[in-house]
Amino acid sequence: MHANLTGSAPIIARVEPLTLTRAVRGPFDYRLRPEQSDVGVGAVLRVPFGHQKTLGVVLELARESELALERLAEPDAVLPPGVPPDLVALARWIAEQYCSTPARALGLVLPPDAPGAARRKPVQIAALTEPGEKALLGEGRLTDRQRSVLTQLQNAGPAPVTALGRDTLRRLESRGLVEFTSVDPVKRPVNRAVGRRLDGVPELTGEQRDALDAILPALGGDERTGGRFLLHGVTGSGKTEVYLQAVQATLAAGRGAIVLVPEIALTPQTVARFQARFGDVVAVLHSGLGRRERHDEWLRLRSGEARVCVGPRSAVFAPLDDIGLIVVDEEHDPSYKHEGDPRYDARTVALRRARQHGSVLLAGSATPRPESVVALHRLRLPRRIDGRPLPPVEVLDMCGVHHPLHPRTRMALADVRAAGAKAIVLLNRRGWSNFLACRGCGQVWMCPNCEVALVLHGAQGFLACHHCGHRRRAPSRCEECGSVAVARHGAGTESIERELRDAFGSELPVFRLDTDATAGKGRLADTLARFESASSGVLLGTQMVAKGHDFADIALGVVLDADQTLRFPDFRAEERTFALVTQLAGRVGRGFDSGPPARVLVQTLAPAARSITLAARHDSDGFLGLELKRREVLAYPPYGSLIRVVCSAPEATEAHDLATRLHALIAPAGGTVLGPAPLFRLRGRSRSQLVIKCADRLAMVRAVGGAVDECAALAVRRGVSVSVDPDPQ
Ligand code: ADP
Ligand code: ZN
Ligand code: ZN
């Protein structure tokens, strides 16, 4: 039965309800009321849904429905501002590419909600004029009330009109004794952590010029390079300046730009440079903002008032309506991959969005991913701006060294202290020790929910699981055998902090940067700022210390336990380790001042691992060449795609059985299905994993999605949850 309508306006909205249940898939048809005729794609509606109300997003408009018109419900309300149509299309694409649902993907692009949403009105400010000042001196008649208002303005300076009395001020304004200005009350997120040091636009070096000259034609619409660039430049080579000038050219052409950065708290300097260069046309979007601020920044972008959006991975969804350029800074950073459903990769989404808008994509890194080297047009910045060479890197073999610091590391730190200089020490492990074991019976204290060892924190204080957050008091004796000989193994940032304090005293203050030390808003930026302004000291922390900071005059960089990342059973382990060492080396020896000769020490149990030896030689081309060969042989990305499927359940057999069933359903679709392989228990759930290698990614994502849907009812009955992760990290 068809409802065929007369008139031209489409009056049926196809609405995707925003529910999290996988089983509910829209869109569902609703009949628009006459006063809702301006509803378009992307409008957010409140609609009746079953016996409830729900929010939904309009995917399409139509004139006809499968159902009779009178059987269609009407939306209750339209909730502005809605989602721009191009972001609706992007969300639908994400749902398909990442084996998610349209509702979940739409959740990524919704305007940040603002309680009591209406935009705040500009505030009118009144200020005393010159005639006003004269009037106060007696030249002109004033009532007592008027005199009092003018006196207040004279004494306290300009003030909001509402604070002083609108009627009186209006009359004064009509006589020219005060003037009004409108001020936008929206509080801009300001970046307090860093001093502005970049006021003027520097003259580009020849190499920067060449890179920019390759990009500019693409911004102008020249398609010979495909408009997809990888700026491969050593740390400190001036990549950010190239981004800034590319953004400048984009704005000059009347288009907008998105600049993606890794976690914003770790890159305040980059954000500040964009704000300093472009001022109010820059909007910053990130989760550290209050809801109100986020909403306001979103609206500034949507209205075109702001035309550059700087932010972490979610900023790829900035509501700009004409994007000329998308920059992905530090493109190797794992934070670009989203860990929850939809498990999107902002770098891939950026490429898609660039295609939608006909924009140029500019990714940059000192340690680019092999994928990007193959897919993008590479531009190079081989030298540091300050002309200093990259620091020499020495690899220290830790076999047989029974102390967390190698003797040479100790000596080097003592030199730093003597010179009143600065060092950065990286250890990718929080806490006090790696694990705790009984010397009597050998038992290791494990998490009751996860199959991992608990980590000692706060000296003797407590044990914590780094996966589920489980905590307990540290044992004073073994619960199994009663022995009091409880031994700590391995070091964490906390114990190294104590180690450094004991060894070097207050002359070499330690600034610890990890999620324990810097929990709480602003602490992280604060620690970085204190280290920057200190004259001497050690910045100690997890991989956070190696990220993008531009500190002048770091004399020494140390990586403790560099092969720790190598021990992860992951095909990106080598890439990670290489990046970690190279990025840390990149923080060292910057700046124009002549300090002590800078250097880097890398402590490792695997001194011959190629990711470490090549990083020590700053040989990223050598590393990329070997890594690409290895990936080609194994059909890993970029020569093939991977999809990871994890089944988890309270019972190991249930998880394993479902994975086996999925294997059988997926195998006929081609590709290689590996597993089921057990993973360690996590948060009280046993897990079983399949890894699928395939040539045709989308076809395989669809096959996996189909198999998961087919098993959905069974999975629910058995208490198994399934997560699908295309392009896992
Ligand atoms: P990268 O992003 O490659 O690590 P940056 O863009 O942070 O490098 O540049 C390193 C330093 O050099 C920064 O302090 C920056 O202000 C400065 N710089 C960049 N380009 C120039 C230039 N052309 N002239 C002078 N200084 C520059
Ligand atoms: Zn024991
Ligand atoms: Zn746990």
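Residues numbered from 1 in each chain as written. Chains lettered and ligands numbered in written order. Predicted model: local features only at pLDDT ≥ 70, side-chain atom pairs only at ≥ 80, totals over all residues. Heavy atoms only, no water.

Q: Sorry, what's going on with the sheet that holds strand E4 (residues 52–62) here?
A: By definition, the strands of a sheet pair up through backbone hydrogen bonds, in either a parallel or an antiparallel sense. Ordered by their spatial adjacency, five strands build an open sheet running E2-E1-E4-E3-E5, and the pairing between neighbours is antiparallel. Only two strands of the sheet have a single partner each, and these edge strands are strand E2 (28–31) and strand E5 (77–79). For this sheet the average axis-to-axis angle between neighbouring strands, irrespective of direction, equals 50°. Relative to E4, strand E1 (residues 12–17) is paired through six bridges, and the arrangement is antiparallel. Pairing of valine 15 across the sheet is with valine 58, part of E4. (Pairing = 2+ DSSP bridges. Helix = DSSP H or I, 4+ residues; strand = E, 2+ residues; numbered from the N terminus. Axes fitted to C-alpha atoms, helices over the stretch in contact; angles between N-to-C directions.)

Q: Explain the site of ligand 1 here, please?
A: Taken together, 18 residues form the shell around ligand 1, and within it Glu203, Gln208, Gly236, Lys239 and Thr240 come nearest. The separation between an oxygen atom of ligand 1 and a polar main-chain atom of serine 237 is 3.2 Å. Relative to its free-state accessible area of 560 Å², ligand 1 is covered by the protein chains to the extent of 79%. Broken down by element, the shell around ligand 1 gets its largest block of residues, three residues, from helix H8 (residues 239–252). Of the residues contributing to the shell around ligand 1, the split by class is five nonpolar, seven polar and six charged. (Near = heavy atom within 4 Å. Polar contact = N/O pair within 3.5 Å; in protein donor to acceptor, adjacent residues only side chain to side chain. Areas by Shrake-Rupley, 256 points an atom, 1.4 Å probe, with all protein chains shown as cover. Nonpolar A, V, L, I, M, F, W, Y, C, P; charged D, E, K, R; others polar.)

Q: Even after reading the chapter, I still don't get the coordination of the zinc ion (ligand 3), so can you show me in this structure?
A: The expected angle between donors at a tetrahedral four-coordinate metal is 109.5 degrees. At an octahedral six-coordinate metal it is 90 or 180 degrees. Protein-derived coordination of the zinc ion (ligand 3) comes from Cys447 (SG), Cys450 (SG), Cys465 (SG) and Cys468 (SG), at a distance range of 2.2 to 2.4 Å. Counting along the primary sequence, the residues that act as donors to the zinc ion (ligand 3) give the motif C-x2-C-x14-C-x2-C. With cysteine 447 in the loop between strand E18 (435–438) and strand E19 (455–457) and cysteine 468 in the loop between strand E20 (462–464) and strand E21 (471–473), this pair connects stretches of sequence that are 21 residues apart. Exposure remark for cysteine 447: the relative accessible area of 6% places this residue in the buried category. (Donors = N, O, S within 2.8 Å, 3.2 Å for Na, K, Ca; no water. Buried < 20%, exposed > 50% of the residue type's maximum accessible area, 1.4 Å probe, protein only.)

Q: In this structure, what is going on with the sheet that holds E21? I would like to understand it.
A: Strands sit in the order E19-E20-E21 across an open sheet of three strands; the sheet is antiparallel. Single-partner strands in this sheet number two, and they are E19 and E21. Across the sheet, the mean angle separating the axes of adjacent strands is 35° when strand polarity is ignored. With three bridges connecting them, E19 and E20 associate as antiparallel partners. Looking at the pairing, leucine 456 lines up with leucine 463 of E20.

Q: I'm lost on the coordination of the zinc ion (ligand 2) in this one. Help?
A: Coordination sphere of the zinc ion (ligand 2), protein contribution only: Cys438 (SG), Cys441 (SG), Cys478 (SG) and Cys481 (SG), at 2.3 to 2.4 Å. You can call cysteine 441 partly exposed: its relative accessible area is 41%.

Q: Any chance you could explain the nonpolar core here in plain terms?
A: Generally speaking, nonpolar side chains in soluble globular proteins are found buried as a group. If you look at the biggest cluster of nonpolar residues, it comprises 43 residues, and the most contacted ones within it are Ile94, Leu260, Leu301, Phe317 and Val349. Among the secondary structure elements, those contributing two or more residues to this core are E4, helix H1 (85–97), helix H2 (102–109), strand E10 (256–260), strand E13 (323–328), helix H11 (346–357), strand E14 (360–365) and helix H18 (620–634). Broken down by element, the residue count for this core peaks at seven residues, all from H1. Ignoring any residue separated from it by four or fewer positions in sequence, one finds leucine 301 in contact with Ala283, Leu285, Ala306, Val308, Cys309, Ala318, Pro319 and Leu320. (Core = buried A, V, L, I, M, F, W, Y, C linked by side-chain atoms within 4.5 Å. Contact = heavy atoms within 4.5 Å.)

Q: Just checking my understanding: could you explain the packing of helix H13 (residues 407–419) against helix H14 (residues 493–504) for this structure?
A: The angle between the axes and the distance between the axes are what describe a pair of packed helices. Contact pair H13 / H14: the axes reach a minimum separation of 11 Å and the direction vectors enclose 60°. When the interaxial angle is binned, H13 and H14 end up oblique. Viewed along their axes, H13 and H14 form a crossing whose handedness is right-handed. Here Arg410, Leu413, Ala414 and Arg417 of H13 come into contact with H14, specifically with Glu499, Leu500, Ala503 and Phe504. Its residues assigned to classes, the contact of H13 with H14 shows five nonpolar, no polar and three charged. (Parallel < 35°, antiparallel > 145°, perpendicular 65-115°, else oblique. Left-handed = near helix turned anticlockwise from the far one by under 90°.)

Q: Any chance you could explain the packing of aromatic side chains here in plain terms?
A: Note on aromatic pairs: each is described by the distance of the centres and the angle between the planes. Across all of its chains, the model carries seven aromatic pairs by this definition. Seen in terms of ring centroids, phenylalanine 274 and phenylalanine 278 are 6.4 Å apart; in terms of plane orientation they differ by 35°. Their pairing is tilted. With phenylalanine 274 and phenylalanine 278 both in helix H9 (residues 268–278) and four residues apart, this pair spans about one turn of that helix. Accessibility assignment for this pair places phenylalanine 274 and phenylalanine 278 in one class, buried. (Phe/Tyr/Trp six-rings, centres within 6.5 Å; stacked < 30°, edge-to-face > 60°.)

Q: For this particular structure, what's the right way to read the pattern of salt bridges?
A: Enumeration over the complete set of coordinates arrives at 45 salt bridges. Arginine 702 is the partner of glutamate 96 in a salt bridge, and the nearest nitrogen-oxygen pair spans 2.5 Å. Pair noted here: glutamate 96 is in helix H1 and arginine 702 is in helix H20 (residues 697–718), with a separation of 606 residues, a long-range link. According to the relative accessible area criterion, arginine 702 is partly exposed, its value standing at 47%. Between glutamate 479 and arginine 472 there is a salt bridge, with its nearest N and O atoms 2.8 Å apart. Salt bridges here are not isolated pairs; linked through shared partners, they connect Glu371, Arg572, Glu574, Glu575, Arg610, Glu627, Arg630 and Arg631. (Salt bridge = Lys/Arg side-chain N within 4 Å of Asp/Glu carboxyl O.)

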